[in-house]
Amino acid sequence: LQVWQSEVSGGEARPITGWKGGVVDFAWSPESTRVAFTAPDEAWADERKRREESGDDPMVWSERPGFRRLHVQGTAGSKVQTVSPADRHVLGFCWSPSGREIAVALALRPELDSPASSGVDLVRLSLDGSAPQSVCHLATGFTAAVETLVWSRDEQQLLFINLERGVPSSRALWTVAADGGQARCLTAGIDGCVIACHRLESADRVICTIAEGLTTRLYEIDAESSRRTLLQPGVTQTMTGQFDVDAVGRTIAAICSGGTQPPNVWCGPTDGGLHRASNCNSALRGLRWAEQEPFAWTAPDGRALDGLVLRPVGQRASPPPAPGVVLVHGGPYGRWADGFNCGNGNWAQWLALAGYAVLLPNPRGGMGHGHDFAATVAGEVGMADWLDVSSGADAFLRDSGADPERLGIGGWSQGGFMTAWAAGGGIPPEITQRSWNEDYTVWRTAPGDRFRAGIAGAGPTDWGSMAATSDLPTFEAMLGGGRPGDSVGPHRHAVVSPISYASRVRMPLLFLHGGSDERVPPGQAIGFFRELQARGVPSELVLYPREPHGIAESMHVIDMQRRVRAWFDRWLRS
């Protein structure tokens, strides 16, 4: 990929960059005469290409890592100036309003885990060749957060999004003096999580999207006083969180959706309503979607929780009861929002259209309720968050009209973990009576064993192995409570790993996994599947070649969606 330039009035586009290995990200300078872009070193890209073509391409970890560096270039063909240090990896950058400096977020190494394990440095790079100026070190960060760097109008402050209090935590808006100092959190303690932000060119006010419960709201935040002002209080569409705003802050463009409205671009004044500006997903227009309703319940410890319920098309809470499915979101720092719930890892509408009642619970560990809510799962996955899901399932059966004798569970990533956990680890040890008979021909719901079948999509099943093999080892060790190398054990990560309870599993399970998944390596599914096969538990494993942590190739997506319905039909409709 390269940066190309085209006149707004039209005409032939022409390339600005010709960087070997391609461009990762770019931004125009304030006067629009220069482009800053990040890219891997050309020598590294050349060497990688040569090795791949020759077949002499052993993967030697930590040898010649592909650092992403920052470059500045004028018009096409002009000299490229490399401005970032040779031994640091650029995560994100932002031009100063004057165009004389660029603020950058630097990681020690290019590995995805580096911000969490080694922190992030914020640095000012002058384009006159003078030495970089350190702003601050963030002890813990994450890759996506620091890409939101913005300057204040007077160039005295830098603003950015990062974790509120380390891993795990909620995303928050921070500020730090550009000359250096201690970073200050502008949204500490709020009952919500910052998703994205933009600074208005004419002021030091920042416009942010903040996840609050089931919805996403737009706020204006004063960078000095931290005062928040709600914008668009009457807007009913749910934003995805990412948005853009004009220079003076009068008009916003955002991707929005609703329970029965697929995503589109919506525009309007920041202090008023929005109107749909795009015609995406036109092929879906006219379909009758399942109605989606907010759902609330109380956890065993008294915590108020939220989620969503989708009922089969045309069916209310009246007989005959529909089969039900509980879908758990990923992350765990994700959430189900009151937008359009249908996608590759979100099967809510797909199942509701097939006659299922669907619960989308938001257990602890997710976004939308601040730091304490998000931080609950550190070393405690499968504990309070599982009680949130299981108590939500009980409330769902009481209030939705779903059939208690035909309930399934599924999810992707952390939702896949929760599905595997529900099969064995989530069943109280005193429960000995199980619902399926020995040959899986008769089901009678037994106390504590409520799910007839499950679908685990790309889910962790062994947290020790996750900490050893995932591309986010620091994060995974935090969730599981430690690493295999910590001691000879016993280990906390064994206590919260579904595979430790494989001998108790009687739930039929379908495993869906990307064959090239580096976040949750395929061995997480393979190991658990083998344990179930050895014990005669009905189970299937599907690996999709080339796919990473999410399934994207069209034929694979179609196959996965068909298997999801077929598996639940097989075990919940008989």
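Let me begin by describing the structure that accompanies this report.

Analysis parameters
Residues numbered from 1 in each chain as written. Predicted model: local features only at pLDDT ≥ 70, side-chain atom pairs only at ≥ 80, totals over all residues. Heavy atoms only, no water. Buried < 20%, exposed > 50% of the residue type's maximum accessible area, 1.4 Å probe, protein only. Helix = DSSP H or I, 4+ residues; strand = E, 2+ residues; numbered from the N terminus. Pairing = 2+ DSSP bridges. Phe/Tyr/Trp six-rings, centres within 6.5 Å; stacked < 30°, edge-to-face > 60°. Lys NZ or Arg CZ within 6 Å of the ring centre and 35° of its normal. Expected span 1.5 Å × (residues − 1). Arc of directions from axis to C-beta. Contact = heavy atoms within 4.5 Å. Axes fitted to C-alpha atoms, helices over the stretch in contact; angles between N-to-C directions. Parallel < 35°, antiparallel > 145°, perpendicular 65-115°, else oblique. Nonpolar A, V, L, I, M, F, W, Y, C, P; charged D, E, K, R; others polar.

Burial runs high along strand β12 (residues 157–163): 6 of the 7 residues are buried. Pairing analysis gives 2 bridges linking strand β11 (residues 150–151) to β12, with the strands arranged antiparallel. By the bridge assignment, Val150 is partnered in β12 with Leu159. Following β11, the chain reverses through 5 residues before pairing antiparallel with β12; Glu155 in that reversal takes a positive phi of roughly 65 degrees. When β12 meets strand β13 (residues 171–177), the two strands line up antiparallel, connected through 7 bridges.

A few words on the packing of aromatic side chains. Under the defined criterion, the tally for this structure stands at 16 aromatic pairs. In this structure an aromatic cluster arises from ring pairing among Trp436, Tyr440, Trp443, Trp567 and Trp571. If you follow Arg565 out to its NZ or CZ, it ends over the ring of Trp350, 3.4 Å from the centre. The positively charged end of Arg573 is found above the aromatic ring belonging to Tyr356, 4.4 Å away from the centroid.

The next thing to look at is helix α11 (residues 554–572). Look at α11: 27 Å from first C-alpha to last across 19 residues, which is about the 27 Å you get at 1.5 Å a residue. Buried within α11 are the following residues: His556, Val557, Met560, Gln561, Val564, Trp567, Phe568, Trp571 and Leu572. All buried residues of α11 fall inside an arc of 135 degrees around its axis, so they share one side. Exposed positions of α11 whose direction lies more than 90 degrees from the buried face are Met555 and Arg562.

The next subject is the environment of Asp244. Its place among the elements puts Asp244 in strand β19 (residues 238–245). With 184 residues separating them in the primary sequence, Asp244 and Val60 have C-alpha atoms 41 Å apart. In this structure, Asp244 is in contact with His198, Thr251, Ile252 and Ala253, ignoring residues within four places of it in sequence.

Let us look at the packing of helix α5 (residues 384–399) against helix α6 (residues 414–423). The relative placement of two packed helices is expressed as an angle between their axes plus a distance between the axes. The N-to-C vectors of α5 and α6 enclose an angle of 80 degrees; their axes lie 11 Å apart at closest approach. As far as their axial angle goes, α6 and α5 are roughly perpendicular. In this structure, α5 uses Asp385, Trp386 and Val389 to contact α6, whose residues at the interface are Met418, Trp421 and Ala422. Tallied by class, the residues present in the contact of α5 with α6 amount to 5 nonpolar, no polar and 1 charged.

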